[in-house]
Amino acid sequence: MRLEDYNPLDNIQYSVLDLNGNVLKEEDIPDFTDEELFYLYKTMLYTRIIDDKALSYQRQGRMLTYTPNTGQEAAQIGSSYALEKGDFLVPAFRELGAWLIKGVPLKNIYLYWYGNEWGSHIDDVKILPISVPIASQMQHAVGIGMANNIKGEKDVVLAFVGDGGTSEGDFHEALNFAAVFKTPVVFLIQNNQYAISTRREIQTMSKNLAQKAIAYEIPGILVDGNDIFAMYNATKAAVNRARNGQGPALIEAYTYRLGAHTTSDDPSKYRAKEEVEEWKKKDPLLRFRLYLQQKGLLTDELEERTKKDLEEEVMATFESIENKSDTEIEDIFKYHYATMPPQLEEQLNEYKAFWEGGKDYD
Ligand SMILES: Cc1ncc(C[n+]2csc(CCOP(=O)(O)OP(=O)(O)O)c2C)c(N)n1
């Protein structure tokens, strides 16, 4: 497919499968082996189980704040599967499926959400750490793209942002510079319909978010974000053109956050149960499962067995990090400056004294 053939102003989502897993566009089915298809589904299941377990650990008081991904698996997994090993993934904070596809070990992910920044220390994977300041990662993505151009490297950057992030200045600055410098960056908006409690419709007057590409003279495409094949194809097309020196593109993955914004949020305060029920019918796992079942690649028995194995793996991984931090107190203070300034040193000493328990201080 060519991104240039799609006009976001048409406001039509690009899809390959319908809600029942039937093929809408036979010619757009990616050329995956059976093993690849199963691997993609298994990663979707893995993502869902990791989410469910993290929520239950948090409710048991065993995990800190966590950002659920349920409902957004196809947007994350389909897109990141289009990357090569040398390509960079630049996440926001809700991209669990993409981290897994890129090769981030679950241990790191759980460590991070457990409150240990060492989780962000990931060897041999081209990925930036989680970025909580909304849309700030967009600038970093463009910087990496510019560096790739200067070095003459052909690697591409896939940068994620939420629908809320598109209202930040960083988003627009990044798109502008990416277009001006023709950087190999694919911008992917996970439009899960909400920025915490602010629904997309009241956040911007644009009909869709893909059309924001037009102002920057780059291709923009609106994609059914719950369709793993559509997400893969659109991202692959954007990645290919970026690698060929044709510059950036913008993809809007139209999806839905089925769970809460974080474990501190109660979505029933700002959205109707009926709305969530409607989106449950569009669950990306359901659609892909139906497709695989029709192809004879998935049975209930295989699904149950796979789930059980994954659950055991997820629980064992969490237990391997729980209450086992070997982080030094100094780590919190050490990495901000090459040489620690006196104020920070004073704070470190106070903090150490506090933990040693021997000394009162104001
Ligand atoms: C610069 C900045 N402003 C505000 C916040 C508080 N905040 C955290 S998440 C969030 C909403 C983000 O919405 P969106 O970009 O749609 O991503 P989503 O959470 O839906 O994945 C906000 C406002 C922040 N982290 N950073």
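What counts as what
Residues numbered from 1 in each chain as written. Predicted model: local features only at pLDDT ≥ 70, side-chain atom pairs only at ≥ 80, totals over all residues. Heavy atoms only, no water. Pairing = 2+ DSSP bridges. Helix = DSSP H or I, 4+ residues; strand = E, 2+ residues; numbered from the N terminus. Axes fitted to C-alpha atoms, helices over the stretch in contact; angles between N-to-C directions. Near = heavy atom within 4 Å. Polar contact = N/O pair within 3.5 Å; in protein donor to acceptor, adjacent residues only side chain to side chain. Nonpolar A, V, L, I, M, F, W, Y, C, P; charged D, E, K, R; others polar. Domains from an automatic or database assignment. Salt bridge = Lys/Arg side-chain N within 4 Å of Asp/Glu carboxyl O. Phe/Tyr/Trp six-rings, centres within 6.5 Å; stacked < 30°, edge-to-face > 60°. Lys NZ or Arg CZ within 6 Å of the ring centre and 35° of its normal. Buried < 20%, exposed > 50% of the residue type's maximum accessible area, 1.4 Å probe, protein only.

K.L.:
How should I be thinking about the sheet that holds strand β3 (residues 185-191) in this particular structure?
P.N.:
As a general point, the strands of a sheet are linked pairwise by backbone hydrogen bonds and lie either parallel or antiparallel. The strand order across the open sheet formed by five strands is β1-β2-β3-β7-β6, and the pairing between neighbours is parallel. Two strands in the sheet have a free side with no partner beyond their single neighbour: β1 (88-90) and β6 (220-224). Neighbouring strand axes in the sheet, compared pairwise and without regard to direction, differ in orientation by 20° on average. Where strand β2 (residues 157-162) lies against β3, six bridges are found, and the strand directions are parallel. The residue of β3 that forms the bridge with V157 is V185.

K.L.:
It is not clear to me how the site of the ligand should be interpreted in this structure. Could you clarify?
P.N.:
What surrounds the ligand is a group of 15 residues, the closest being R94, G164, G165, N192 and Y194. Between the ligand and the protein, one listed contact pairs an oxygen atom with a side-chain N or O atom of H261 at 3.3 Å. Broken down by class, the residue content of the shell around the ligand amounts to seven nonpolar, five polar and three charged.

K.L.:
Would you mind going over the domain arrangement of the chain with me for this structure?
P.N.:
Often, the extent of an interface is quoted as the loss of accessible area on bringing the components together. Looking at the chain, the domain boundaries give domain 1 (3-327) and domain 2 (329-362). A C-alpha centroid distance of 38 Å is found between domain 1 and domain 2.

K.L.:
Which parts of the structure should I look at to understand the pattern of salt bridges?
P.N.:
Any two side chains of opposite charge can pair if their charged atoms end up close together. On inspection of all chains with the given rule, the structure shows 20 salt bridges. For the salt bridge of R243 with D87, the shortest nitrogen-to-oxygen distance reads 2.8 Å. Linking R243 in helix α7 (residues 228-243) with D87 in the loop between α2 (73-80) and β1, this pair joins segments that are 156 residues apart in sequence. Taking the shortest distance from any N to any O, the salt bridge between K352 and E330 comes out at 3.3 Å. Taken together, the residues K352 in helix α12 (residues 342-356) and E330 in helix α11 (residues 330-334) connect sequence positions 22 residues apart. One continuous salt-bridge network, built from bridges that share partners, spans R48, E73 and D283.

K.L.:
Would you mind showing me how to read the packing of aromatic side chains here?
P.N.:
Aromatic rings considered in pairs are described by the distance between their centres and by the relative angle of their planes. Per the counting criterion, the structure on display carries 26 aromatic pairs. Taking the centre distance of 6.0 Å and the plane angle of 45° together, the rings of Y81 and Y232 count as tilted. Pair noted here: Y81 is in the loop between α2 and β1 and Y232 is in helix α7, with a separation of 151 residues, a long-range link. These aromatic residues form a ring-pair network of at least three members: F32, Y39, Y41, Y81, F229, Y232, F288 and Y291. For K282, the ring lying beneath its charged end belongs to W279, and the centroid distance is 4.1 Å.

K.L.:
Is there a simple way to think about unusual backbone geometry in this case?
P.N.:
Leave glycine aside and you will find that most residues have negative phi; peptide bonds, for their part, are mostly trans. Residues other than glycine seldom take positive phi values, yet D124 does so here, at roughly 60°. Among the secondary structure elements, D124 is positioned in the loop between α4 (106-113) and α5 (136-151). You will see that E217, though not glycine, has its phi angle at about 60°, which is positive. Along the polypeptide, E217 turns up in the loop between β5 (198-199) and β6. You can call E217 exposed: its relative accessible area is 74%.

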